[in-house]
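# Residue-level structure breakdown
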Amino acid sequence: MRKLFIEDLKLAGKRVLVRLDYNVPGDAEGRVTNDARITASLPTLRHILAEGASAVLCSHRSRPKGDEPRYSLRPVAARLEELIGLPVGMARRGAVVSDEARNMAAALSPGELMLLENLRYDPREQEGREELARELASLADLFVNDAFPVCHRKDTSVVGVPRFLKSAYGYQLREEVENLSQLLGEVQRPYVGIMGGAKISTKLGVVKSFLERVDRLLVGGGMAYTFLAALGREVGGSIHEPDYLEYAKDLLLRHADKIVLPTDHYVVERIDPACKARLADEIPADRAAVDIGDATRRRFAEEIARARTVFWNGPVGYFEDSRFAEGTRSVAREVAKLKAKGAFTVVGGGDSVAAVEDAGLDSASFSFVSTGGGASLEFVQGKELPGIEALTDR
Ligand code: ADP
Ligand code: MG
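Residues numbered from 1 in each chain as written. Chains lettered and ligands numbered in written order. Predicted model: local features only at pLDDT ≥ 70, side-chain atom pairs only at ≥ 80, totals over all residues. Heavy atoms only, no water.

For the protein chain, the name recorded in an unreviewed UniProt entry is Phosphoglycerate kinase, with Candidatus Coatesbacteria bacterium RBG_13_66_14 as its organism. A UniProt comment under Subunit (unreviewed entry) is attached to the protein chain, and it reads "Monomer." UniProt's Subcellular location (unreviewed entry) comment on the protein chain is quoted here verbatim: "Cytoplasm". (UniProt positions renumbered as here; feature names shortened; annotations may be inferred.)

The next thing to look at is the UniProt feature "binding site: substrate" (unreviewed entry) in the protein chain. UniProt annotation of "binding site: substrate" (unreviewed entry) refers to Asp 21, Tyr 22, Asn 23, Arg 37, His 60, Arg 61, Ser 62, Arg 63, Arg 120 and Arg 153 when read in the numbering used here. Looking at the secondary structure, you find Asp 21 in the loop between strand 1 (15-19) and helix 1 (36-40). Contact partners of Asp 21, with chain neighbours within four places excluded, come to Arg 37, Ser 59, Asp 146, Ala 147 and Pro 149. Residues contacting Arg 37, with those up to four places away along its chain left out, are Asp 21, Tyr 22, Asn 23, Val 24 and Thr 371. A distance of 2.8 Å separates the side chain of Arg 37 from the side chain of Asp 21, its partner in a polar contact. (Helix = DSSP H or I, 4+ residues; strand = E, 2+ residues; numbered from the N terminus. Contact = heavy atoms within 4.5 Å. Polar contact = N/O pair within 3.5 Å; in protein donor to acceptor, adjacent residues only side chain to side chain.)

For the rest of this paragraph, the subject is the packing of aromatic side chains. The final tally for this structure, using the stated rule, is six aromatic pairs. A ring pair is formed by Phe 5 and Tyr 171, whose centres lie 5.3 Å apart and whose planes are at 85°; its orientation type is edge-to-face. With a gap of 166 residues between them, Phe 5 in the segment before strand 1 and Tyr 171 in helix 8 (residues 171-181) connect regions that are remote in the sequence. Both residues of the pair, Phe 5 and Tyr 171, count as buried. Where Phe 148 meets Phe 379, the ring centres are 6.1 Å apart and the plane angle is 70°; that geometry is what we call edge-to-face. Taken together, the positions of Phe 148 in the loop between strand 5 (142-145) and helix 7 (156-160) and Phe 379 in helix 15 (residues 374-379) put the pair 231 residues apart, joining distant regions of the chain. In terms of burial, Phe 148 and Phe 379 fall into one category: buried. In this structure an aromatic cluster arises from ring pairing among Phe 5, Tyr 169 and Tyr 171. (Phe/Tyr/Trp six-rings, centres within 6.5 Å; stacked < 30°, edge-to-face > 60°. Buried < 20%, exposed > 50% of the residue type's maximum accessible area, 1.4 Å probe, protein only.)

Close contacts around ligand 1 come from 21 residues, with Lys 203, Asn 313, Glu 320, Asp 351 and Ser 352 the closest. The separation between a nitrogen atom of ligand 1 and a polar main-chain atom of Gly 317 is 3.4 Å. One of the side-chain N or O atoms of Ser 352 is found 2.5 Å from an oxygen atom in ligand 1. Burial of ligand 1 by the surrounding chains reaches 85%, relative to a free accessible area of 580 Å². Mapped by element, the contributors of at least two residues to the shell around ligand 1 are helix 10 (221-230), strand 12 (288-292) and helix 14 (350-358). When its residues are assigned to classes, the shell around ligand 1 shows nine nonpolar, nine polar and three charged. (Near = heavy atom within 4 Å. Areas by Shrake-Rupley, 256 points an atom, 1.4 Å probe, with all protein chains shown as cover. Nonpolar A, V, L, I, M, F, W, Y, C, P; charged D, E, K, R; others polar.)

Right, let's get into the domain arrangement of the protein chain. Along its sequence, the protein chain is carved into domain 1 (6-174) and domain 2 (182-379). A separation of 35 Å is found between the C-alpha centroids of domain 1 and domain 2. Taken together, the contact between domain 1 and domain 2 spans four residues of the former and eight residues of the latter. Between domain 1 and domain 2 the total buried area reaches about 480 Å² when both faces are included, carbon and sulfur atoms providing 67% of it. It is Phe 148, Pro 149 and His 152 that lose the most area in domain 1 upon contact with domain 2, and together they represent 81% of the buried surface on that side. (Domains from an automatic or database assignment. Buried area = accessible area lost by both parts, 1.4 Å probe.)

With that out of the way, let us pick up the pattern of salt bridges. Overall, the coordinates contain 36 salt bridges when judged by the stated rule. Close ionic contact of Arg 79 with Glu 82 constitutes a salt bridge, the shortest N to O distance being 2.4 Å. One end of the pair, Arg 79, and the other, Glu 82, are both in helix 3 (residues 74-84), three residues apart, so they sit about a helical turn from each other. With relative accessibility at 59%, the residue Glu 82 sits in the exposed group. Of the charged contacts in the structure, one is a salt bridge between Arg 329 and Asp 358, with a shortest N-O distance of 2.9 Å. Taken together, the positions of Arg 329 in helix 13 (residues 326-336) and Asp 358 in helix 14 put the pair 29 residues apart, joining distant regions of the chain. Linked through salt bridges whose partners overlap, the residues forming this network are Asp 122, Arg 124, Glu 127, Arg 129, Glu 131 and Glu 135. (Salt bridge = Lys/Arg side-chain N within 4 Å of Asp/Glu carboxyl O.)

Time to look at the pairing of strand 12. Each regular strand shows side chains that alternate between the opposite faces of the sheet. With respect to burial, strand 12 is a largely interior element, five of its five residues being buried. Bridging between strand 10 (residues 265-268) and strand 12 involves four bridges; their strand directions are antiparallel. Bridge pairing in strand 12 places Tyr 266 opposite Asp 291. (Pairing = 2+ DSSP bridges.)

Structure, rendered in structure tokens:
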């Protein structure tokens, strides 16, 4: 990358503001139920501390209304203390950049760290306000962004702070960029894209850009029913978007040879735990499709088996109900077989990562599992991400 990397910075004796992705899931009290994102931040933090700098960490957590206590980062600080084996100070209450937080930051010695409260407790974070950018920047000498999942946003901590501090990217961000970049240039073929998820409207750009680059695009999940409806097929109560029929029709016309749609489905009367699914070639008008059918699974498996490069985003069924997760699990298993054969396989998307776990697999089963969600989807279209653009040029 043509941007500064954390290893390019002279860190000794400096105070570093670090933007992390501590948007960890929690229970009703806000206790951390999965600490993968905290663990993932350790290489960057250990590097900063080992080089003799101190660190002021910041992140958002979920979408709080006001300063809802369940989205506090306090439980994250507690978990981080255990993982890194050092105290992680936090200001007691008040504004994100309160006087207390300022004093704590000023008092940090080399090798010490502290965490600011949920950035989204301050409405200015998502308004991209310069005033908050200045407040955050005043806490440190340097800035490191290691939060790839927010790099597609123009939030204050993402694009505002780098206007005031020399800014570099950290180890996690590098990992994302290095892996996802491999999907953009020359790839080993066949290149197979697998797209699912709820709506085509949230993924128009990705679908279009993939159709231009892949050899096959396997389409499942809610998105598939918009395509099938565009072909004039009955989709019953399956999720689909009537406003995008023309769009889907146009893609089908231009890329008929690449798009592989489901040919059979598991259908239910309603999406309801009480309703039993049955296999059908055509979706009855009074039924909704909730998973790809057996023949479709076999067809997808054949296409996947031939692939040398795979990008998969979006579950191919309503996988939150385990009865309808089997299609998604079969996709996960087929893709997981490829890495050992030397193929390059990437999974991206919040629900897709959950689906991988649901299938009993983990990141080791794939060349790369992106935690980037929306940011990954923008990046793999070849778009420049504002959070990366904002960093200091080498
Ligand atoms: P990702 O986060 O991986 O990008 P999306 O957010 O686009 O994926 O979509 C995931 C959602 O799509 C899941 O909640 C899943 O249940 C839903 N979904 C997929 N297929 C269906 C279907 N046939 N019917 C209802 N919901 C579906
Ligand atoms: Mg999602």
